[in-house]
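Given next are the chains, with one letter for each unit.
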Amino acid sequence: MKESIIKTSDIAVKKVTLDAVIIGTGAAGYNCALRLNDYGVDDIAIITEGVNMGTSRNTGSDKQTYYKMNLCADYPDSPKAMAQDLFNGKCVDGDIAYAEAALSVMSFLHLCELGVEFPVNRYGEYVGYKTDHDPRARATSVGPLTSKMMTECLENAVKKRGIKIYDKLQIIEFIKNGDTCVGVLCLNKAAQSEDERFVLFNSKNTVIATGGPAGIYSNTVYPIGHHGASGVAFEAGVKGRNLTEWQYGLASTAPRWNVSGTYMQVLPRFVSVDENGNEYEFLNEYFDDIGVCLSKIFKKGYEWPFDCKKVLSGSSIIDLLVFRENVMKGRRVYLDFRKNPYGLDELPYDKLENEAREYLENAHACFGTPLARLQFMNMPAYDLYLSKGVDLEKERLEIALCAQHNNGGLDIDMWWQTNIAHLFACGEVAGSHGVYRPGGSALNAGQVGSTRCAQYISKHQDNDAFDCDFDALCKNAVSKHLDITRSILGNEDNVASLTDKYQKLMDKVAGPIRDASSFDSASGEFFGAFKDFTKIVKVNSQSRLWLAYRLRDALLAEWMYIEAMKCYTVAGGKSRGSAIYTSENGTAPEKMEDVFRFELDDGSLNDRIFEITYTGDGYGGGARPVRELPEGGGFFENIWREYRENKNIY
Ligand SMILES: Cc1cc2nc3c(=O)[nH]c(=O)nc-3n(C[C@H](O)[C@H](O)[C@H](O)COP(=O)(O)OP(=O)(O)OC[C@H]3O[C@@H](n4cnc5c(N)ncnc54)[C@H](O)[C@@H]3O)c2cc1C
């Protein structure tokens, strides 16, 4: 690794030259660095906008799940069976699903070796449980903070190896030589002067592991501080795919935490409050039958993601009613654990559907208030909010229908390389999933993808395009960003209000309920703001430039996501997964005839992946067939011969 100073435009810029740079200190980024090091690529470094930032380190849930091949007792499982289940998520490439299955055991055991304490029985077996879209009990967990523990163990290993981490650097532009990536330009968040403002990395290989595009929505359960950098990749011409496919669910907004599991099973009161503090229980008004209402709340405990298939007669009607109060009516929605719904001292447990009634009876929890039931059944769930400054005994908990995970993302091949040569994407920023995915498979995909691209880089280190006049090449990028920063710096500061404005527009138009008739005008707003960025955005200090760049990143990403949704609906796509597309000819949820109608997708696009590429002044896009699931396996002698030649990495 070589550090030098180059003079470009009229400022000095630090330049770091190395074999590979990894962007992101989440579970995927750290693992990629470790694996590169394992495979002999030593001249590497990690860049991060904040070493303690990101979703892996700062998020969790009731029982945060890791999905791997079943390793317990005589449960029948195999790479092919797991690949098939991942592929069944629809709109998934078969080769990627196969790799995620084939490397699942290796990736999981690597984490165990690093000290992540996944539970074993007395014989040392990693026992599992079933999660959503999982037919074979492949899930495991170390508790509410699985991804945090993974990140910490991976980080310790990275530090032990002495791999250099450049902190407080936010990537703002990839440097390309033709269609090949040869480095990245960063904004130095700690800069005191223009000479310190930018840092350049000139790398043979670049891996983006910046997590999901959390900053494009206002209603989100991604941890505060996590934003993502998909817009930067799109600007470089990296293809997006399946951008339509998200996972939304009910979550508290402060702190950001999924209100799944016991939080729902104790049957809290749902309250909607207007700006004058007037409140009402909107579920009571909607449901004529208290037993049906309470049973659906209960079910939300284990049917967490919003699923358009469960709206008309299932539990997702609860999510929809929350969304209507919050986003459509502009009211605030709370869970109140201090009183029972319907103003009752005692709930009519006999009116609950069997499953809910039996569960509460078995738990001896048919008494008192939701709070009393919560403290009795799951005290740690109550303590969790207390530890984050919210005492459910004294206050209500604000909730919303929030974005939690992007199943789509940057387009990758079976080695997690993007369409820009020598630029790889792994972790949530890479879109390896489709419409549905088994719970916990995001963390598996992050570990597998980061391993796969490290394997590929180790065998294909040469980058012809790297032998170029890099200093001349990056001149344009530096002067472009010097102009941007000089133009937006001044006395005023509107970054926070603009960020909020555009995020709320996304909630309204392109969240879980999407109104295709609004796509054009919203798209115009996002793209207009991106193009006129220096005219409309103002920031009043150098130390806040990073927030302006986040907004810039979000605007382009928001535009791309909206355009992807537009392409999907123009191609005839209808409601699927966690998103409803309103349609006049569809069915309205009961008592919502005046609100919207929708039609479920007929599955005809299940084997299509929608792709979209930013072209500088517009976009190109369309649907292509999924790559089919490979046969897998092979005749040992033949595989071995090939392996001896090239390790089968090609
Ligand atoms: C509430 C919640 C619950 C979840 N539960 C589960 C679960 O049970 N099972 C499961 O499999 N998945 C779950 N997920 C998803 C999973 O946690 C994430 O997909 C995963 O942690 C993402 O890891 P990552 O390494 O890709 O990115 P992250 O952990 O988000 O790391 C991204 C890194 O990139 C850096 N970065 C970002 N932008 C820039 C930039 N411009 N410049 C430089 N650095 C940058 C950040 O600082 C950070 O270090 C959950 C997510 C949420 C929000």
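Higher on the page you've got the structure.
Calculation notes
Residues numbered from 1 in each chain as written. Predicted model: local features only at pLDDT ≥ 70, side-chain atom pairs only at ≥ 80, totals over all residues. Heavy atoms only, no water. Helix = DSSP H or I, 4+ residues; strand = E, 2+ residues; numbered from the N terminus. Rg over C-alpha atoms; globule rule 2.2 N^0.38 Å. Buried < 20%, exposed > 50% of the residue type's maximum accessible area, 1.4 Å probe, protein only. Contact = heavy atoms within 4.5 Å. Areas by Shrake-Rupley, 256 points an atom, 1.4 Å probe, with all protein chains shown as cover. Lys, Arg positive; Asp, Glu negative; His and termini not counted. Charge placed at Lys NZ, Arg CZ, Asp CG, Glu CD. Phe/Tyr/Trp six-rings, centres within 6.5 Å; stacked < 30°, edge-to-face > 60°. Lys NZ or Arg CZ within 6 Å of the ring centre and 35° of its normal. Salt bridge = Lys/Arg side-chain N within 4 Å of Asp/Glu carboxyl O. Expected span 1.5 Å × (residues − 1). Pairing = 2+ DSSP bridges. Axes fitted to C-alpha atoms, helices over the stretch in contact; angles between N-to-C directions. Parallel < 35°, antiparallel > 145°, perpendicular 65-115°, else oblique. Left-handed = near helix turned anticlockwise from the far one by under 90°. Nonpolar A, V, L, I, M, F, W, Y, C, P; charged D, E, K, R; others polar.

Participant: Help me out: how do you make sense of the overall build of the protein chain in this one?
Facilitator: Of regular secondary structure, the protein chain possesses 23 helices and 22 strands. What you see for the protein chain is a C-alpha radius of gyration of 25 Å, in line with the 26 Å of a compact globule of 650 residues. Considering only C-alpha atoms, the protein chain reaches an extent of 75 × 65 × 45 Å along its principal axes. Burial statistics for the protein chain: of 650 residues in total, 61% are counted as buried. Sequence-distant contacts in the protein chain: of pairs separated by 6 or more residues, those separated by 24 or more amount to 75%. When the accessible surface of the protein chain is summed, it comes to about 24700 Å², and 48% of that surface belongs to carbon and sulfur atoms. Of the side-chain charges in the protein chain, 72 are positive and 88 negative, and the distance between the mean point of each set is 2 Å.

Participant: What's the story with the packing of aromatic side chains in this structure? I'm lost.
Facilitator: Aromatic rings in a pair are described by how distant their centres are and how their planes are angled relative to each other. Under the definition given, this model contains 29 aromatic pairs. Here the aromatic rings of Y263 and F337 are separated by 6.5 Å at their centres, their planes lie at 70°, and the arrangement is edge-to-face. Taken together, the positions of Y263 in helix 9 (residues 262-265) and F337 in the loop between strand 15 (332-336) and helix 13 (354-362) put the pair 74 residues apart, joining distant regions of the chain. Since its relative accessible area comes to 1%, Y263 is described here as buried. Since its relative accessible area comes to 0%, F337 is described here as buried. Both rings, one in W559 and one in Y619, keep their centres 5.8 Å apart while their planes meet at 70°; by these two values the pair is edge-to-face. Placement of the pair is W559 in helix 22 (residues 545-570) and Y619 in strand 22 (residues 619-625), with a sequence separation of 60 residues. Overall, the relative accessible area of 30% leaves Y619 in the partly exposed class. Taken together, the ring pairs in this structure connect Y217, F234, W246, Y248 and Y561 into an aromatic cluster. The ring of W415 is capped by R452, whose NZ or CZ atom sits 3.6 Å from the centre of that ring. Directly above the aromatic system of Y286 lies the positively charged group of K591, at a separation of 5.2 Å from the ring centroid.

Participant: Help me understand the pattern of salt bridges in this model?
Facilitator: Pairing is possible between side chains of opposite charge, provided their charged atoms come close. Tallying each qualifying case throughout the model produces 47 salt bridges. Residue R161 pairs with D38 through a salt bridge whose shortest N-O separation is 3.0 Å. With R161 in the loop between helix 6 (146-160) and strand 6 (164-166) and D38 in helix 1 (residues 27-38), this residue pair connects regions lying 123 residues apart in the sequence. What makes R161 partly exposed here is its relative accessible area of 36%.

Participant: Whenever I open this one, helix 19 (residues 495-510) confuses me. Can you help?
Facilitator: Because each turn of an α-helix spans 3.6 residues, side chains separated by three or four positions end up pointing in the same direction. End to end, helix 19 covers 22 Å across 16 residues, agreeing with the expected 22 Å (1.5 Å per residue, within 8%). Taken together, the buried positions of helix 19 are occupied by V495, L498, T499, Y502, Q503, L505, M506, D507, V509 and A510. On its buried face, helix 19 sits against strand 11 (246-253), helix 12 (316-328), strand 19 (513-514), helix 20 (519-531), helix 21 (533-536) and helix 22.

Participant: Would you explain the pairing of strand 2 (residues 11-23) in this entry?
Facilitator: Where a strand is regular, its side chains alternate between the two sheet faces. For strand 2, the buried fraction is high: 12 of the 13 residues fall into the buried class. Here strand 1 (residues 2-8) runs beside strand 2; their pairing, made up of 7 bridges, is antiparallel. By the bridge assignment, K2 is partnered in strand 2 with T17. The turn linking strand 1 back onto strand 2 is made up of 2 residues, and S9 within it adopts a positive phi angle of 50°. Pairing analysis gives 9 bridges linking strand 2 to strand 9 (residues 198-208), with the strands arranged parallel. Residue pairing in the sheet places K14 in a bridge with V199 of strand 9.

Participant: How should I be thinking about the packing of helix 19 against helix 22 in this particular structure?
Facilitator: Two quantities define a packed helix pair, namely the angle between the axes and the distance from one axis to the other. Taken N-terminus to C-terminus, the directions of helix 19 and helix 22 make an angle of 15°; their axes are 10 Å apart at the nearest point. By the criterion of interaxial angle, the relationship of helix 19 to helix 22 is roughly parallel. Note that helix 19 runs across helix 22; the crossing there is left-handed. Across the interface between the two elements, V495, L498, T499, Y502, Q503, M506, V509 and A510 of helix 19 pack against L547, A548, L551, L555, E558, Y561, I562 and M565 of helix 22. Of the residues contributing to the contact of helix 19 with helix 22, the split by class is 13 nonpolar, 2 polar and 1 charged.

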